[in-house]
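# Structure at a glance
Below are the chains, spelled out letter by letter.
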Amino acid sequence: MRVLLFLLVLNFVSTYGQNTLQLPEGQESTEAKITLVSWMEGHWKGTAFGGTTEEIWSPASGGSMMFVFRHMLDDKVNFYEVGHIRELNNSLIFELKHFDTNLHGWEEKDEVQQFRFIKADSNRVYFDGFTFENVSPEEMNIYGLIGNDDGTKSEIVFNYKK
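Residues numbered from 1 in each chain as written. Predicted model: local features only at pLDDT ≥ 70, side-chain atom pairs only at ≥ 80, totals over all residues. Heavy atoms only, no water.

## Here we look at the overall build of the protein
Put simply, the rule is: The helix count covers DSSP runs of H or I at least four residues long, the strand count covers runs of E at least two residues long, and both are numbered beginning at the N terminus. Only protein chains enter the accessibility calculation, which uses a 1.4 Å probe; a residue whose area is less than 20% of its type maximum is buried, one above 50% is exposed, and one in between is partly exposed. Note on contacts: a residue pair qualifies if any of its non-hydrogen atoms lie within 4.5 Å across the two residues. For the area figures, the Shrake-Rupley method with a 1.4 Å probe applies, and any residue is considered shielded solely by the protein chains shown.
Each helix and strand counted, the protein has 1 helix and 10 strands in total. When the helices and strands of the protein are placed in sequence order, the string is α-β-β-β-β-β-β-β-β-β-β. Counting only residues that meet the buried cut, the protein has 36% of its 162 residues in that class. Within the protein, residue pairs in contact and separated by at least 24 positions form 40% of the contacts whose partners lie at least 6 positions apart. Working note: accessible area of the protein is about 10000 Å², and carbon and sulfur atoms make up 54% of it.

## Description of the side chain of Glu133
Using the following cut-off: Polar contact is the term for a pair of N or O atoms within 3.5 Å; when the atoms are in protein, one must be able to donate a hydrogen and the other to accept it, and sequence-neighboring residues count only if both atoms are side-chain atoms.
Relative to the elements of secondary structure, Glu133 occurs in strand β8 (residues 130-136). Take Glu133: its relative accessible area is 11%, and that puts it in the buried class. Within the structure, the side chain of Glu133 is placed 2.8 Å from the side chain of Tyr143, a separation counted as a polar contact. Contacts of Glu133, omitting those with residues within four sequence positions, involve Trp39, Asn123, Arg124, Glu139, Met140, Asn141 and Tyr143.

## A short note on the pairing of strand β3 (residues 64-73)
Applicable threshold: One requirement defines pairing of two strands: DSSP has to find at least two bridges between them.
Pairing of strand β2 (residues 51-57) with β3 involves 6 bridges; the strand directions are antiparallel. In the strand pairing of β3, Thr52 is matched with Met72. Taking the residues that link successive antiparallel strands as the turn, the β2-β3 hairpin has 6 residues, and the phi of Gly62 there is positive, at about 60°. Pairing of β3 with strand β4 (residues 76-88) involves 10 bridges; the strand directions are antiparallel. Opposite Phe69, over in β4, you have Glu81 as the bridge partner. In this structure, the hairpin formed by β3 and β4 is closed by a connection of 2 residues, where Asp74 is found at a positive phi of approximately 55°.

## Notes on unusual backbone geometry
Residues other than glycine seldom take positive phi values, yet Asp75 does so here, at roughly 60°. Mapped onto the secondary structure, Asp75 falls in the loop between β3 and β4. One non-glycine residue with positive phi stands out, namely Leu103, at about 65°. In this structure, Leu103 sits in the loop between β5 (91-99) and β6 (113-120).

## With respect to the nonpolar core
The cut-off we apply is this: Residues belong to one nonpolar core when they are buried, are Ala, Val, Leu, Ile, Met, Phe, Trp, Tyr or Cys, and are joined through side-chain atoms within 4.5 Å.
Core analysis: the biggest nonpolar cluster contains 25 residues, and Met40, Trp57, Ile85, Phe94, Phe127 and Phe132 have the highest contact counts within it. In this structure, Trp57 is in contact with Met40, Glu41, Gly42, Trp44, Met65, Met66, Phe67, Ile85, Phe94, Phe132 and Met140, ignoring residues within four places of it in sequence.

## Some details on the pattern of salt bridges
Side-chain pairing between opposite charges can occur once the charged atoms of the two side chains come close. Quick reminder of the rule: We define a salt bridge as a contact between a side-chain nitrogen of Lys or Arg and a carboxyl oxygen of Asp or Glu at a distance within 4 Å.
Tallying each qualifying case throughout the model produces 4 salt bridges. Note that Lys161 and Glu139 form a salt bridge whose closest N and O atoms lie 3.5 Å from each other. Within this pair, whereas Lys161 is found in strand β10 (residues 153-161), its partner Glu139 is found in strand β9 (residues 139-147), the two being separated by 22 residues in sequence. Lys161 gets classed as partly exposed once you look at its relative accessible area, which sits at 42%. The partly exposed category is assigned to Glu139, whose relative accessible area is 22%.

Shown next, in the form of structure tokens:
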């Protein structure tokens, strides 16, 4: 029985991260305004996926904050992301699209990756599968559940500094 319980716990931890949450099916996002994430504004740099990462977040305006992301591997661009956090239906949604080095989209033309707002606490803002953590005015962590080839998900941390 202990082995079965251990395997269930191990599967849960490997599938869902300790720093990310998932919004249950049918549950509505709680109310929030874009000012909740205004601390993310700026130019951030870090490392992930064996290379360097960079995110630039615009000031909050018009109910949204846009961003661009670049992943560099061996001093060459590996891929880009473009997206935003925006107000939608009295809440927030985090949306993004991926692009290769020639700006060819990974998602279909009208497809956008969407992550609904769950909640915020003292220094974290939780979306469905992503958590933005305000470590200090000069440092943030972004935790994301990333799909694996076998259908499971792993939590990846992006540590950024200004």
